[in-house]
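Residue-level structure breakdown
Chain by chain, the residues run as shown.
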Amino acid sequence: DPVQNEFFLIRSDCNLKHTVLGRFNGKRIVPLETLNASPFGVQPKNVGQRFLQEALMANVDSAPLVIVKGMAGTAKTFYALAVGLEKTMESERAFRRLMVVRPNTQFDDDIGFLPGTEQEKIAPLMRPIIDNLEILVDKNEHERYRNEQELRSKIDELFDRGIIVCEAMNFMRGRSITNTYLVIDEAQNLTPKQAKGILTRVARGTKLILLGDPNQIDHPLLDARTNGLVYASERMKGSPLCWQVTMQPDECERSSLAADAILRL
């Protein structure tokens, strides 16, 4: 039996090349609504990304929680940031900010005392986020890195204006996060307790996105089955408020080497 919000790829019985994409809304399979969308200038390159785009762009009332699992290079973080920027800067401006949180097993549960401020301590964690933002804020691949200072100033402006906010995981305790597009990257390094804590911090108007690869665990006490990402995925399956997407290995778009390595290693 289909699960609420399960995505479908339907093939014609006359010609297997003819397909249609849909989602089970609890009663029937309905067509996707964002096939022609290009959030922040990004267009989906495969079926998984079309499902991902549909889930991320769905309004917060119908999809306040999106869980995305998949191997490296399948554009999970990139697409989540693209839709987040679209939703906070362009179109209807559905959210007041885009907040990014990445767990860090090296810090255990604390970011430490010295040296530096909170933002200085978490800066190394956010380097993958900056890498994706560099591509998003400058679409010209040939000119993007010719002026590193200009590129960096564009990204700094997003942070200075409060459009993007980065936070340490341990400062999420006790929060009530409203009207925020909240991305938890590398969520496979969360414990089930942390995952539950984050889900219960979400207030009205906030869309929570959990991203991660269950096969790349850095936490010494977690594995592919006991991590917070998989825990949340299994417990929230079938909820009308949760949309889930699992990216396939052959949907890696990072590079031909990355795609080959995913399949071989």
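Computed from a predicted structure; not experimentally measured.

A few words now on the overall build of the chain. A count of helices and strands for the chain gives eight helices and nine strands. By the burial criterion, 46% of the 265 residues in the chain qualify as buried. For the chain, long-range pairs separated by at least 24 residues make up 69% of all intrachain contacts whose partners lie at least 6 apart in sequence. Just so you have it, the chain exposes about 14,400 Å², and 49% of that area is on carbon and sulfur atoms.

Attention now goes to the confidence of the model for the chain. On average, the chain scores 88 in pLDDT, and the residues at 70 or more come to 89%. Highest mean pLDDT in the chain belongs to strand β4 (residues 65-69) (98); lowest belongs to helix α3 (residues 118-122) (67).

Two elements in contact, helix α4 (residues 127-137) and helix α5 (residues 148-160), have axes whose closest approach is 10 Å; the angle formed by their N-to-C orientations is 110 degrees. Considered as vectors, α4 and α5 are oriented roughly perpendicular to each other. Seen from above, α4 lies across α5 with right-handed handedness. Along the contact surface, α4 presents R127, I130, L133, E134 and V137, while α5 presents L151, R152, K154, I155, L158 and F159. Residues of the contact of α4 with α5, tallied by class, amount to seven nonpolar, no polar and four charged.

Read from one edge of the open sheet, three strands run β1-β2-β3, paired in antiparallel fashion. With one partner strand each, in any of the chains shown, β1 (7-11) and β3 (29-31) form the two edges of the open sheet. Neighbour to neighbour, the strand axes of the sheet diverge by 45 degrees on average, direction disregarded. Both β1 and strand β2 (residues 19-24) contribute to a ladder of five bridges, which runs antiparallel. Along β2, the bridge assignment pairs R11 with T19. Sitting on the sheet, helix α1 (residues 47-57) is in contact with β1 and β2, with an inclination near 140 degrees to β1.

What counts and how
Residues numbered from 1 in each chain as written. Predicted model: local features only at pLDDT ≥ 70, side-chain atom pairs only at ≥ 80, totals over all residues. Heavy atoms only, no water. Helix = DSSP H or I, 4+ residues; strand = E, 2+ residues; numbered from the N terminus. Buried < 20%, exposed > 50% of the residue type's maximum accessible area, 1.4 Å probe, protein only. Contact = heavy atoms within 4.5 Å. Areas by Shrake-Rupley, 256 points an atom, 1.4 Å probe, with all protein chains shown as cover. pLDDT = per-residue confidence, 0-100. Axes fitted to C-alpha atoms, helices over the stretch in contact; angles between N-to-C directions. Parallel < 35°, antiparallel > 145°, perpendicular 65-115°, else oblique. Left-handed = near helix turned anticlockwise from the far one by under 90°. Nonpolar A, V, L, I, M, F, W, Y, C, P; charged D, E, K, R; others polar. Pairing = 2+ DSSP bridges.

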